[in-house]
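These are the residues of each chain, in order.
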Amino acid sequence: MIEESQPGPGETPPALAVSGLAKRFDDVQAVDGADFIVRPGEVFGFLGPNGAGKTTTIKLLTGLARPDAGSIAYFGADFTRRLKAAQHLFGVVADGNNLYPELTGRENLEFCAALYGIGRAEARNRVEELLERFGLDYAAGRRFGGYSRGMGRRLCIAAALVHRPRLLFLDEPTTGIDVPNAREIRRMLAGLAADGTTIFLTTHYIEEAERLCDRVAFIVAGRIVRQAAVEKLLDGARDRRIIELQLDTAPEPLLSALSEHFPTNRWEPRAGKRLRLISTAEIELAPPVAFLAERGAAVLEARRLRPSLEEVFVEVTGLAAERLSAEKGGRRG
Ligand SMILES: Nc1ncnc2c1ncn2[C@@H]1O[C@H](COP(=O)(O)OP(=O)(O)O)[C@@H](O)[C@H]1O
Ligand SMILES: [Mg+2]
(Lines give C-alpha, C1' and ligand atoms only; values in the text may rest on other atoms or scores of the structure.)
(Ligands and ions follow the chains in the order given, each with its own letter.)
Protein backbone atom coordinates (compact mmCIF):
# COMPACT_ATOMS: atom_id res chain seq x y z
CA MET A 1 0.00 0.00 0.00
CA ILE A 2 2.86 2.36 -0.73
CA GLU A 3 1.58 5.63 -2.16
CA GLU A 4 4.77 7.27 -3.16
CA SER A 5 7.22 5.88 -5.63
CA GLN A 6 10.93 6.44 -5.77
CA PRO A 7 12.15 9.53 -7.59
CA GLY A 8 12.91 9.16 -11.27
CA PRO A 9 16.29 9.66 -12.90
CA GLY A 10 17.72 13.15 -12.40
CA GLU A 11 15.90 13.71 -9.13
CA THR A 12 17.71 13.82 -5.79
CA PRO A 13 18.03 10.29 -4.49
CA PRO A 14 16.29 9.48 -1.22
CA ALA A 15 18.31 9.71 2.00
CA LEU A 16 17.24 6.14 2.64
CA ALA A 17 15.48 3.64 0.40
CA VAL A 18 14.41 0.34 1.88
CA SER A 19 12.90 -2.51 -0.05
CA GLY A 20 11.64 -5.92 1.05
CA LEU A 21 13.33 -5.69 4.43
CA ALA A 22 12.66 -8.78 6.54
CA LYS A 23 13.82 -10.27 9.82
CA ARG A 24 12.57 -13.29 11.70
CA PHE A 25 13.36 -14.24 15.30
CA ASP A 26 12.39 -17.87 15.91
CA ASP A 27 8.60 -17.76 15.75
CA VAL A 28 8.24 -13.97 15.33
CA GLN A 29 8.36 -12.26 11.94
CA ALA A 30 9.60 -8.97 13.44
CA VAL A 31 9.93 -7.18 10.09
CA ASP A 32 7.87 -8.54 7.24
CA GLY A 33 8.91 -7.14 3.87
CA ALA A 34 9.05 -3.43 4.68
CA ASP A 35 9.33 -0.92 1.80
CA PHE A 36 9.73 2.80 2.41
CA ILE A 37 11.79 5.82 1.51
CA VAL A 38 13.05 8.74 3.56
CA ARG A 39 13.64 11.97 1.66
CA PRO A 40 16.67 14.15 2.24
CA GLY A 41 16.06 16.84 4.85
CA GLU A 42 12.72 15.54 6.05
CA VAL A 43 11.62 14.38 9.48
CA PHE A 44 10.29 10.89 8.87
CA GLY A 45 8.14 9.31 11.56
CA PHE A 46 8.01 5.55 11.97
CA LEU A 47 4.85 4.90 13.93
CA GLY A 48 3.55 1.74 15.45
CA PRO A 49 2.48 0.11 18.68
CA ASN A 50 4.88 -1.76 20.94
CA GLY A 51 6.22 -4.88 19.27
CA ALA A 52 5.45 -3.61 15.74
CA GLY A 53 9.07 -3.94 14.62
CA LYS A 54 10.36 -0.36 14.93
CA THR A 55 13.51 -1.08 16.94
CA THR A 56 14.33 -4.13 14.83
CA THR A 57 14.01 -2.02 11.68
CA ILE A 58 16.49 0.54 13.03
CA LYS A 59 18.89 -2.25 13.99
CA LEU A 60 18.68 -3.73 10.49
CA LEU A 61 19.23 -0.34 8.87
CA THR A 62 22.25 0.52 11.01
CA GLY A 63 24.07 -2.80 10.93
CA LEU A 64 23.23 -3.91 14.49
CA ALA A 65 21.25 -6.87 13.16
CA ARG A 66 21.43 -8.74 9.88
CA PRO A 67 18.38 -8.75 7.61
CA ASP A 68 17.07 -12.05 6.23
CA ALA A 69 16.11 -10.24 3.05
CA GLY A 70 15.80 -6.80 1.52
CA SER A 71 17.92 -3.94 0.26
CA ILE A 72 19.11 -0.75 1.93
CA ALA A 73 20.39 2.31 0.06
CA TYR A 74 21.64 5.54 1.62
CA PHE A 75 21.73 8.70 -0.52
CA GLY A 76 21.47 6.71 -3.72
CA ALA A 77 24.14 4.08 -2.98
CA ASP A 78 23.42 0.47 -2.07
CA PHE A 79 24.84 -0.54 1.32
CA THR A 80 22.87 -3.75 1.89
CA ARG A 81 25.90 -5.96 2.28
CA ARG A 82 28.32 -3.34 3.58
CA LEU A 83 26.54 -1.32 6.24
CA LYS A 84 29.82 -0.71 8.06
CA ALA A 85 30.82 1.49 5.13
CA ALA A 86 27.72 3.66 5.71
CA GLN A 87 28.45 4.34 9.39
CA HIS A 88 29.75 7.86 8.68
CA LEU A 89 26.47 8.77 6.99
CA PHE A 90 24.20 8.18 9.95
CA GLY A 91 24.03 8.58 13.72
CA VAL A 92 21.92 6.40 16.00
CA VAL A 93 20.18 7.27 19.25
CA ALA A 94 19.12 3.91 20.68
CA ASP A 95 16.08 3.45 22.89
CA GLY A 96 18.10 3.49 26.13
CA ASN A 97 20.89 5.70 27.43
CA ASN A 98 23.95 3.79 26.30
CA LEU A 99 26.95 5.97 27.18
CA TYR A 100 29.56 5.30 29.87
CA PRO A 101 28.22 6.13 33.35
CA GLU A 102 31.66 6.62 34.90
CA LEU A 103 32.80 9.15 32.27
CA THR A 104 31.68 12.77 32.36
CA GLY A 105 29.38 14.17 29.70
CA ARG A 106 32.31 15.84 27.97
CA GLU A 107 34.50 12.71 28.14
CA ASN A 108 31.70 10.62 26.63
CA LEU A 109 31.43 12.96 23.65
CA GLU A 110 35.21 13.09 23.23
CA PHE A 111 35.30 9.30 23.33
CA CYS A 112 32.67 9.10 20.58
CA ALA A 113 34.66 11.59 18.49
CA ALA A 114 37.79 9.44 18.92
CA LEU A 115 35.85 6.36 17.75
CA TYR A 116 35.09 8.20 14.52
CA GLY A 117 38.77 9.16 14.16
CA ILE A 118 38.17 12.88 14.63
CA GLY A 119 41.38 14.72 15.60
CA ARG A 120 41.73 16.14 19.13
CA ALA A 121 41.48 19.85 18.36
CA GLU A 122 38.53 19.38 16.00
CA ALA A 123 36.89 17.01 18.50
CA ARG A 124 37.21 19.60 21.28
CA ASN A 125 35.48 22.23 19.13
CA ARG A 126 32.65 19.94 18.13
CA VAL A 127 32.13 18.67 21.66
CA GLU A 128 31.90 22.19 23.14
CA GLU A 129 29.54 23.23 20.37
CA LEU A 130 27.28 20.23 21.00
CA LEU A 131 27.31 20.69 24.78
CA GLU A 132 26.19 24.25 24.29
CA ARG A 133 23.63 23.42 21.63
CA PHE A 134 22.06 20.76 23.86
CA GLY A 135 22.09 22.94 26.96
CA LEU A 136 24.51 20.66 28.77
CA ASP A 137 27.61 22.85 29.12
CA TYR A 138 26.83 23.39 32.81
CA ALA A 139 26.84 19.61 33.40
CA ALA A 140 29.73 18.71 31.08
CA GLY A 141 32.09 17.89 33.96
CA ARG A 142 29.62 15.63 35.78
CA ARG A 143 29.57 11.86 35.51
CA PHE A 144 27.01 10.63 32.96
CA GLY A 145 25.72 8.17 35.56
CA GLY A 146 24.46 11.11 37.62
CA TYR A 147 22.48 12.69 34.76
CA SER A 148 18.69 12.79 34.90
CA ARG A 149 16.89 10.81 32.18
CA GLY A 150 16.19 13.92 30.13
CA MET A 151 19.76 15.19 30.34
CA GLY A 152 21.02 11.71 29.55
CA ARG A 153 18.87 11.48 26.46
CA ARG A 154 20.09 14.88 25.30
CA LEU A 155 23.71 13.76 25.71
CA CYS A 156 22.94 10.58 23.73
CA ILE A 157 21.59 12.70 20.89
CA ALA A 158 24.68 14.94 21.04
CA ALA A 159 26.90 11.83 20.97
CA ALA A 160 25.14 10.58 17.83
CA LEU A 161 25.94 13.89 16.10
CA VAL A 162 29.67 14.14 16.85
CA HIS A 163 30.64 12.90 13.36
CA ARG A 164 28.09 15.22 11.72
CA PRO A 165 25.94 12.54 10.09
CA ARG A 166 23.55 13.42 7.28
CA LEU A 167 20.84 11.19 8.73
CA LEU A 168 19.96 10.71 12.38
CA PHE A 169 18.00 7.69 13.65
CA LEU A 170 16.22 8.09 16.97
CA ASP A 171 14.38 5.24 18.65
CA GLU A 172 11.56 6.68 20.77
CA PRO A 173 13.60 9.72 21.82
CA THR A 174 11.00 11.10 24.20
CA THR A 175 9.62 7.89 25.73
CA GLY A 176 9.96 8.03 29.51
CA ILE A 177 11.20 11.63 29.42
CA ASP A 178 9.47 14.38 31.42
CA VAL A 179 7.42 16.95 29.55
CA PRO A 180 9.88 19.91 29.59
CA ASN A 181 12.78 17.71 28.44
CA ALA A 182 10.63 16.04 25.79
CA ARG A 183 9.62 19.44 24.49
CA GLU A 184 13.25 20.56 24.45
CA ILE A 185 14.25 17.42 22.56
CA ARG A 186 11.54 18.02 19.95
CA ARG A 187 12.69 21.60 19.60
CA MET A 188 16.28 20.43 19.02
CA LEU A 189 15.19 17.88 16.45
CA ALA A 190 13.21 20.50 14.58
CA GLY A 191 16.33 22.71 14.63
CA LEU A 192 18.51 19.91 13.29
CA ALA A 193 16.04 19.28 10.50
CA ALA A 194 15.97 22.99 9.68
CA ASP A 195 19.76 22.82 9.32
CA GLY A 196 19.44 20.01 6.78
CA THR A 197 19.88 16.83 8.83
CA THR A 198 17.45 14.10 7.79
CA ILE A 199 15.68 12.61 10.77
CA PHE A 200 14.21 9.13 11.13
CA LEU A 201 12.29 8.85 14.34
CA THR A 202 10.28 6.01 15.80
CA THR A 203 7.49 6.87 18.16
CA HIS A 204 4.25 5.58 19.54
CA TYR A 205 3.17 9.11 20.40
CA ILE A 206 0.94 10.19 17.56
CA GLU A 207 0.92 13.81 18.71
CA GLU A 208 4.69 13.84 18.52
CA ALA A 209 4.66 12.60 14.95
CA GLU A 210 1.98 15.11 14.05
CA ARG A 211 3.96 18.00 15.51
CA LEU A 212 7.37 17.05 14.22
CA CYS A 213 7.16 14.91 11.11
CA ASP A 214 6.86 15.76 7.43
CA ARG A 215 5.92 12.21 6.49
CA VAL A 216 5.08 9.08 8.41
CA ALA A 217 4.98 5.36 7.83
CA PHE A 218 2.66 3.22 9.93
CA ILE A 219 4.12 -0.15 10.84
CA VAL A 220 1.97 -2.92 12.23
CA ALA A 221 3.24 -6.46 12.85
CA GLY A 222 6.35 -5.82 10.78
CA ARG A 223 4.48 -4.47 7.75
CA ILE A 224 4.25 -0.90 6.49
CA VAL A 225 0.52 -0.38 6.13
CA ARG A 226 0.64 3.26 5.00
CA GLN A 227 3.25 5.82 4.08
CA ALA A 228 2.36 9.42 3.31
CA ALA A 229 2.88 13.09 4.07
CA VAL A 230 1.32 14.10 7.38
CA GLU A 231 -0.49 16.99 5.68
CA LYS A 232 -2.00 14.62 3.14
CA LEU A 233 -3.12 12.19 5.81
CA LEU A 234 -4.76 14.99 7.75
CA ASP A 235 -6.39 16.43 4.62
CA GLY A 236 -8.20 13.16 4.18
CA ALA A 237 -9.44 13.38 7.75
CA ARG A 238 -10.52 17.02 7.55
CA ASP A 239 -13.96 16.46 6.13
CA ARG A 240 -14.79 14.58 9.30
CA ARG A 241 -16.36 16.22 12.31
CA ILE A 242 -15.60 14.97 15.76
CA ILE A 243 -17.39 16.11 18.88
CA GLU A 244 -16.43 14.84 22.26
CA LEU A 245 -19.07 14.80 24.97
CA GLN A 246 -18.29 14.70 28.66
CA LEU A 247 -21.01 12.70 30.38
CA ASP A 248 -21.77 12.19 34.05
CA THR A 249 -21.94 8.43 33.53
CA ALA A 250 -20.16 5.78 31.46
CA PRO A 251 -21.50 5.78 27.87
CA GLU A 252 -21.04 2.06 27.10
CA PRO A 253 -24.58 0.86 28.04
CA LEU A 254 -26.11 3.43 25.68
CA LEU A 255 -23.99 2.71 22.62
CA SER A 256 -26.29 0.36 20.76
CA ALA A 257 -29.32 2.61 21.32
CA LEU A 258 -27.33 5.61 20.07
CA SER A 259 -26.11 3.80 16.96
CA GLU A 260 -29.63 2.62 16.20
CA HIS A 261 -31.18 6.05 16.70
CA PHE A 262 -28.45 8.09 14.99
CA PRO A 263 -27.14 5.71 12.33
CA THR A 264 -25.21 8.34 10.34
CA ASN A 265 -22.95 9.11 13.30
CA ARG A 266 -20.21 6.89 14.62
CA TRP A 267 -20.12 6.60 18.40
CA GLU A 268 -16.91 5.90 20.25
CA PRO A 269 -16.72 5.56 24.01
CA ARG A 270 -13.59 7.01 25.62
CA ALA A 271 -12.09 6.68 29.06
CA GLY A 272 -13.34 9.09 31.73
CA LYS A 273 -17.08 8.94 30.85
CA ARG A 274 -16.42 10.58 27.50
CA LEU A 275 -18.12 9.81 24.23
CA ARG A 276 -17.05 10.74 20.72
CA LEU A 277 -19.45 11.44 17.96
CA ILE A 278 -17.95 11.25 14.50
CA SER A 279 -19.65 12.21 11.28
CA THR A 280 -18.87 13.37 7.77
CA ALA A 281 -21.87 15.71 7.88
CA GLU A 282 -22.49 18.70 10.14
CA ILE A 283 -23.48 17.42 13.57
CA GLU A 284 -26.63 18.68 15.18
CA LEU A 285 -26.09 18.43 18.92
CA ALA A 286 -29.52 18.98 20.47
CA PRO A 287 -31.10 15.63 19.47
CA PRO A 288 -28.36 13.37 20.89
CA VAL A 289 -28.09 15.52 24.03
CA ALA A 290 -31.83 15.15 24.61
CA PHE A 291 -31.69 11.45 23.77
CA LEU A 292 -28.91 10.93 26.33
CA ALA A 293 -30.70 13.01 28.98
CA GLU A 294 -33.85 10.90 28.60
CA ARG A 295 -31.76 7.86 29.40
CA GLY A 296 -30.18 9.37 32.49
CA ALA A 297 -26.89 10.56 31.00
CA ALA A 298 -26.31 14.29 31.36
CA VAL A 299 -23.96 16.00 28.89
CA LEU A 300 -21.66 18.20 30.99
CA GLU A 301 -19.51 19.47 28.19
CA ALA A 302 -19.15 19.23 24.42
CA ARG A 303 -16.13 20.22 22.40
CA ARG A 304 -15.12 19.95 18.81
CA LEU A 305 -11.89 18.06 18.17
CA ARG A 306 -9.51 18.63 15.33
CA PRO A 307 -9.00 15.46 13.27
CA SER A 308 -5.63 14.02 14.19
CA LEU A 309 -3.21 11.39 13.02
CA GLU A 310 -4.68 9.24 15.75
CA GLU A 311 -7.94 8.90 13.83
CA VAL A 312 -6.03 8.23 10.65
CA PHE A 313 -4.01 5.56 12.37
CA VAL A 314 -7.10 3.87 13.77
CA GLU A 315 -8.76 3.98 10.38
CA VAL A 316 -5.77 2.67 8.49
CA THR A 317 -4.73 -0.04 10.90
CA GLY A 318 -8.00 -0.97 12.55
CA LEU A 319 -6.07 -0.85 15.81
CA ALA A 320 -7.61 0.70 18.88
CA ALA A 321 -6.07 4.11 19.44
CA GLU A 322 -5.62 3.18 23.06
CA ARG A 323 -2.94 0.70 22.08
CA LEU A 324 -0.84 3.59 20.96
CA SER A 325 -1.74 6.43 23.21
CA ALA A 326 -2.24 4.50 26.44
CA GLU A 327 1.53 4.19 26.59
CA LYS A 328 1.96 7.71 27.82
CA GLY A 329 3.22 6.53 31.18
CA GLY A 330 6.53 5.88 29.49
CA ARG A 331 6.58 2.11 29.26
CA ARG A 332 8.62 0.64 26.48
CA GLY A 333 8.28 -2.60 24.58
N1 LIG B 1 16.35 -10.38 19.78
C2 LIG B 1 15.09 -10.80 19.67
N3 LIG B 1 14.77 -12.11 19.80
C4 LIG B 1 13.50 -12.54 19.68
N5 LIG B 1 12.46 -11.74 19.38
C6 LIG B 1 12.70 -10.43 19.23
C7 LIG B 1 14.02 -9.88 19.37
N8 LIG B 1 13.97 -8.54 19.16
C9 LIG B 1 12.67 -8.27 18.90
N10 LIG B 1 11.92 -9.39 18.94
C11 LIG B 1 10.47 -9.47 18.68
O12 LIG B 1 10.22 -8.84 17.43
C13 LIG B 1 9.03 -8.07 17.46
C14 LIG B 1 9.35 -6.63 17.13
O15 LIG B 1 10.08 -6.05 18.21
P16 LIG B 1 10.63 -4.58 18.19
O17 LIG B 1 11.34 -4.33 16.92
O18 LIG B 1 11.41 -4.37 19.43
O19 LIG B 1 9.29 -3.72 18.22
P20 LIG B 1 9.05 -2.18 18.60
O21 LIG B 1 10.38 -1.50 18.68
O22 LIG B 1 8.16 -1.67 17.53
O23 LIG B 1 8.34 -2.18 19.93
C24 LIG B 1 8.45 -8.28 18.85
O25 LIG B 1 7.52 -9.33 18.78
C26 LIG B 1 9.64 -8.67 19.67
O27 LIG B 1 9.26 -9.45 20.77
MG1 LIG C 1 11.21 -0.41 20.23
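Everything numeric here is computed off the predicted structure, so don't read it as measured data. Per chain, the residues get numbers from 1 upward, laid out in the order the sequence is written. Chain labels run from A onward and ligand labels from 1 onward, assigned in the order the entries are written. Selection of residues for local features in this predicted model requires a pLDDT of at least 70, selection of side-chain atom pairs for listing and counting requires 80 or more, and totals for whole chains, interfaces and linings are taken over all residues.

## Considering the sheet that holds strand S13 (residues 274-279)
We call two strands paired when DSSP finds no fewer than two bridges between them. A helix here means a DSSP run of H or I that spans at least four residues, while a strand means a run of E at least two residues long, and both kinds are numbered starting from the N terminus. The 4 strands are arranged S12-S13-S11-S14 in an open sheet whose pairing can be described as antiparallel. Of all strands in the sheet, those with a lone pairing partner are strand S12 (266-270) and strand S14 (299-305), marking the two edges. Across this sheet, the average inter-strand angle for adjacent strands is 20 degrees, counted without regard to direction. In the sheet, S12 pairs with S13 via 5 bridges, with the strands oriented antiparallel. Along S13, the bridge assignment pairs Glu268 with Arg276. In this analysis, axes come from line fits to C-alpha atoms, helices being fitted only over the stretch in contact, and the angle between any two N-to-C directions falls in the range 0 to 180 degrees.

## Regarding the site of ligand 1
Each residue receives a C-beta atom placed from its backbone. It is near a molecule or strand if this atom lies within 6 Å of it. Taken together, 12 residues lie near ligand 1, and Phe25, Ala30, Lys54, Thr55 and Thr56 sit nearest. Elements represented by at least two residues in the shell around ligand 1 include exactly strand S2 (28-38) and helix H1 (54-61). When residues are grouped by polarity, Ala, Val, Leu, Ile, Met, Phe, Trp, Tyr, Cys and Pro land in nonpolar, Asp, Glu, Lys and Arg in charged, and all others, Gly among them, in polar. Looking at the shell around ligand 1 residue by residue, the class counts come to 4 nonpolar, 7 polar and 1 charged.

## A word on the environment of Pro14
As for its placement among the helices and strands, Pro14 is situated in the segment before strand S1 (16-25). Sequence spacing of Pro14 and Gly76 is 62 residues, and the spatial spacing of their C-alpha atoms is 6.4 Å.

## Examining the packing of helix H2 (residues 105-115) against helix H4 (residues 149-160)
The geometry of H2 relative to H4 is characterised by a closest axis approach of 9 Å and an angle of 25 degrees between their N-to-C directions. As judged from the angle between their axes, H2 and H4 are roughly parallel. Where H2 crosses over H4, the handedness of that crossing is right-handed. In this structure, H2 uses Gly105, Asn108, Leu109 and Cys112 to contact H4, whose residues at the interface are Leu155, Ala158 and Ala159. Taken together, the residues that form the contact of H2 with H4 break down as 5 nonpolar, 2 polar and no charged. For classification, angles of less than 35 degrees are called roughly parallel, those exceeding 145 degrees roughly antiparallel, those between 65 and 115 degrees roughly perpendicular, and all remaining angles oblique. Crossings are assigned a handedness: left-handed for a near helix turned anticlockwise from the far helix by less than a right angle, right-handed for a clockwise turn. By the convention adopted here, residues make contact when the C-beta atoms placed from their backbones lie within 7 Å.

## A short note on the environment of Pro253
As for its placement among the helices and strands, Pro253 is situated in the loop between strand S11 (241-247) and helix H8 (255-261). With 12 C-beta atoms counted inside 10 Å, the residue Pro253 sits in the exposed group. In this structure, the C-alpha to C-alpha distance between Pro253 and Asp68, residues 185 residues apart in sequence, is 49 Å. Neighbour counting defines burial: a residue surrounded by 20 or more other C-beta atoms within 10 Å of its own C-beta is buried, one with 12 or fewer is exposed, and intermediate counts give partly exposed, using backbone-placed C-beta atoms.

## Structural notes on the sheet that holds strand S8 (residues 198-203)
Across the sheet, which stays open at both edges, the 6 strands sit in the order S6-S7-S8-S3-S9-S10 with mixed pairing between neighbours. The outermost strands of the open sheet, each flanked by one partner alone, are strand S6 (90-93) and strand S10 (223-229). In this sheet, adjacent strand axes meet at a mean angle of 15 degrees when their direction is disregarded. Here strand S7 (residues 167-171) runs beside S8; their pairing, made up of 5 bridges, is parallel. Across the sheet, the residue bridging to Leu170 is Leu201, located in S8. Sitting on the sheet, H4 is in contact with S6 and S7, with an inclination near 165 degrees to S6.

## What to know about the pairing of S1
Pairing analysis gives 8 bridges linking S1 to S2, with the strands arranged antiparallel. Looking at the pairing, Leu16 lines up with Val38 of S2. Following S1, the chain reverses through 2 residues before pairing antiparallel with S2; Asp26 in that reversal takes a positive phi of roughly 45 degrees. In terms of strand pairing, S1 meets strand S4 (residues 69-74) through 5 bridges, oriented antiparallel. By the bridge assignment, Ala22 is partnered in S4 with Ala69.

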